[in-house]
Amino acid sequence: KAGVTQTPRYLIKTRGQQVTLSCSPISGHRSVSWYQQTPGQGLQFLFEYFSETQRNKGNFPGRFSGRQFSNSRSEMNVSTLELGDSALYLCASSGAVANTGELFFGEGSRLTVL
Amino acid sequence: GQNIDQPTEMTATEGAIVQINCTYQTSGFNGLFWYQQHAGEAPTFLSYNVLDGLEEKGRFSSFLSRSKGYSYLLLKELQMKDSASYLCAKEGAGGYQKVTFGIGTKLQVIP
């Protein structure tokens, strides 16, 4: 079956702009998590959605937001972009319901903020 | 990563055995994942430990000691394709995908 699909793969924005990233999970998976990956910090948890509800949130400012649709596709939005937001944003889906299961990651969206 | 420590880089020889250690805070702990990430690619699942002990899966094995807050990933018969980053990740109590990743160990396999 198809894997996790993230779009766009690469994008360049300038400070102050906003960006929306999209993630389509593996068919049948209802949990979608978002991570920010940078060389210095590694993978940092942003938030997790299950059946359109945010169940967990990491320690990121309110400029970072997300949502999940009824078909389990998810989007994350970053407003008022800062240079430090340049990173690889990874989406992961899981077929688990009540507990943590294996995460299946997408290839990521690489954001560069100039 | 938050409260997860693992070496930043390691180098090992093709055909050898390498052990990548990971320590974490035991509070709010449920289980321990290991993921592999090749440069420019997505992380892929290697193992998941909940109980103490060693879990073997082919050339890769993962060990967990819950009381000591310690895990290791053991790679045997190293191959050049094993050159990658290995991410230790702690599953928080309460489940629901509350997973915290370490910064990763970049392993270089040399001939």
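Rules and cut-offs
- Residues numbered from 1 in each chain as written.
- Chains lettered and ligands numbered in written order.
- Predicted model: local features only at pLDDT ≥ 70, side-chain atom pairs only at ≥ 80, totals over all residues.
- Heavy atoms only, no water.
- Helix = DSSP H or I, 4+ residues; strand = E, 2+ residues; numbered from the N terminus.
- Rg over C-alpha atoms; globule rule 2.2 N^0.38 Å.
- Buried < 20%, exposed > 50% of the residue type's maximum accessible area, 1.4 Å probe, protein only.
- Contact = heavy atoms within 4.5 Å.
- Areas by Shrake-Rupley, 256 points an atom, 1.4 Å probe, with all protein chains shown as cover.
- Lys, Arg positive; Asp, Glu negative; His and termini not counted.
- Charge placed at Lys NZ, Arg CZ, Asp CG, Glu CD.
- Buried area = accessible area lost by both parts, 1.4 Å probe.
- Polar contact = N/O pair within 3.5 Å; in protein donor to acceptor, adjacent residues only side chain to side chain.
- Nonpolar A, V, L, I, M, F, W, Y, C, P; charged D, E, K, R; others polar.
- Disulfide = S-S within 2.5 Å.
- Core = buried A, V, L, I, M, F, W, Y, C linked by side-chain atoms within 4.5 Å.
- Pairing = 2+ DSSP bridges.
- Axes fitted to C-alpha atoms, helices over the stretch in contact; angles between N-to-C directions.

Structural notes on the overall build of chain B
Right, so step 1: Each helix and strand in chain B was counted, giving 0 helices and 11 strands.
Right, so step 2: Counting from the amino terminus, chain B carries its helices and strands in the arrangement β-β-β-β-β-β-β-β-β-β-β.
Right, so step 3: What you see for chain B is a C-alpha radius of gyration of 13 Å, in line with the 13 Å of a compact globule of 111 residues.
Right, so step 4: Here chain B holds 111 residues, and the buried ones make up 46% of them.
Right, so step 5: Sequence-distant contacts, at least 24 apart, represent 57% of the contacts inside chain B between residues at least 6 apart.
Right, so step 6: Of the roughly 5200 Å² that chain B leaves accessible, carbon and sulfur atoms contribute 49%.
Right, so step 7: In chain B, 9 side chains carry a positive charge and 10 a negative one; their mean positions are 5 Å apart.

Thoughts on unusual backbone geometry
All names here are of chain A.
Right, so step 1: The omega angle of the peptide bond from Thr-7 to Pro-8 is -10 degrees, so this bond is cis rather than trans.
Right, so step 2: With respect to the helices, strands and loops of the structure, Pro-8 is situated in the loop between strand E1 (5-7) and strand E2 (10-13).
Right, so step 3: Even without glycine at this site, Ser-72 takes up a positive phi of about 75 degrees.
Right, so step 4: Assignment of secondary structure puts Ser-72 in the loop between strand E7 (64-68) and strand E8 (74-78).
Right, so step 5: The backbone of Thr-80 shows a phi angle near 45 degrees, a positive value even though the residue is not glycine.
Right, so step 6: Among the secondary structure elements, Thr-80 is positioned in the loop between E8 and strand E9 (87-94).

A few points about the interface of chain A and chain B
Right, so step 1: Contacts between chain A and chain B engage 27 residues on the former and 19 residues on the latter.
Right, so step 2: Between chain A and chain B, the buried area comes to about 1900 Å², and carbon and sulfur atoms account for 51% of it.
Right, so step 3: Along the contact surface separating chain A from chain B lie 2 residue pairs in polar contact (both at pLDDT 80 or more).
Right, so step 4: When residues of the side of chain A that touches chain B are traced back to their parent elements, those giving at least two are strand E4 (31-38), strand E5 (42-50), strand E6 (53-57) and E9 of chain A.
Right, so step 5: The residue inventory of the side of chain A that touches chain B, partitioned by class, reads 10 nonpolar, 13 polar and 4 charged.

Things to note about the state of the cysteines
Residue and element names in this part refer to chain A.
Right, so step 1: What the rule picks out here adds up to 2 disulfides over all chains.
Right, so step 2: Two residues, Cys-23 and Cys-91, share a disulfide whose sulfurs are 1.7 Å apart. Taking the sign of the S-S torsion, about -55 degrees here, the bridge from Cys-23 to Cys-91 comes out left-handed. Of this pair, Cys-23 sits in strand E3 (residues 19-24) while Cys-91 sits in strand E9, and the two are 68 residues apart along the sequence.

Regarding the nonpolar core
Right, so step 1: The biggest cluster of nonpolar side chains holds 21 residues, and the ones touching the most others in it are Trp34(A), Leu46(A), Phe64(A), Met76(A) and Tyr89(A).
Right, so step 2: Sorting the residues of this core by element identifies E3, E4, E5, E8, E9 and strand E11 (109-113) of chain A as the ones contributing at least two each.
Right, so step 3: By size, the runner-up hydrophobic cluster in this structure holds 20 residues, among which are Val18(B), Cys22(B), Leu75(B) and Ala84(B).

Focus: the pairing of E7(A)
Residue and element names in this part refer to chain A.
Right, so step 1: One ladder, built from 5 bridges, connects E7 with E8; its direction is antiparallel. What sits directly across from Ser-65, in E8, is Asn-77.
Right, so step 2: Here E7 folds back onto E8, and the loop between the two strands holds 5 residues, one of which, Ser-72, carries a positive phi near 75 degrees.

A look at the sheet that holds E3(A)
Residues and elements named next belong to chain A.
Right, so step 1: Taken in spatial order, the 4 strands line up as E1-E3-E8-E7 in an open sheet, and their pairing is antiparallel. Every interior strand has two partners, whereas the edge strands, E1 and E7, have only one. For this sheet the average axis-to-axis angle between neighbouring strands, irrespective of direction, equals 15 degrees.
Right, so step 2: Note that E3 and E8 share 5 bridges and pair antiparallel. Residue pairing for E8: Leu-21 is matched across the bridge by Met-76.

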